Amino acid sequence: MRQRIKQLLEEAIPYVDFDGDFLFAEMDSLGVTTVLMILSEEFGIELSAADATPRNLKSLDSIVALVEAKQAEKK
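Position numbers for residues count from 1 along each chain, tracking the sequence in the order it is written. With pLDDT at 70 or above as the cut-off, local features in this predicted model cover only qualifying residues; side-chain atom pairs require 80 or more to be listed or tallied, and sums for whole chains, interfaces and linings still use all residues. Excluded from the side-chain calculations are hydrogens and water; all other atoms, namely the structure's heavy atoms, are used.

Here we look at the side chain of serine 40
Structurally, serine 40 is set in helix 3 (residues 29–43). Exposure categories follow from relative accessible area, calculated using a 1.4 Å probe and restricted to protein chains: below 20% of the type maximum is buried, above 50% is exposed, and the middle band is partly exposed. Judged by its relative accessible area of 17%, serine 40 falls in the buried class. Sequence-distant contacts of serine 40, defined by excluding residues within four places in its chain, comprise Ile45, Glu46 and Leu47. To qualify as a helix, a DSSP run of H or I must reach at least 4 residues; to qualify as a strand, a run of E must reach at least 2; elements of each kind are numbered from the N terminus. Residue contacts follow a heavy-atom distance rule, with two residues in contact if any of their heavy atoms lie within 4.5 Å.

Okay, here's the thing in structure tokens:
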């Protein structure tokens, strides 16, 4: 899942270093919105503006954890 998320996000937002530890700081509001939309569509989860926190979008690992948590909520 981690590799798939990285690939999707790198294609959509090529100016962000998804190997870094401060992704949220590198993204503008359009980038954050794009991340939420891509993840929602790809993984069939519902993400809202409330999920767009520095903690959730700090690193690729925190994004993966967010997706996994949202998937677990659906079950």
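Having seen the structure, we can now continue with the description.
Side note on the pattern of salt bridges
Take a side-chain nitrogen of Lys or Arg and a carboxyl oxygen of Asp or Glu: if they are within 4 Å of each other, that pair is a salt bridge. With the rule as written, the count across this model stands at six salt bridges. For arginine 2, the salt bridge is made with aspartate 61, and the minimal N-O distance between the two is 2.8 Å. Within this pair, whereas arginine 2 is found in helix 1 (residues 2–12), its partner aspartate 61 is found in helix 4 (residues 60–74), the two being separated by 59 residues in sequence. Note that arginine 4 is salt-bridged to glutamate 42, the shortest N-O span being 3.2 Å. You can see arginine 4 sitting in helix 1 and its partner glutamate 42 sitting in helix 3, a full 38 residues away along the chain. Overall, arginine 4 belongs to the partly exposed group, its relative accessible area being 33%. Salt bridges sharing partners connect three or more residues here, namely Lys6, Glu10 and Asp19.

From the geometry alone we can't say anything about function, so treat these as descriptive.
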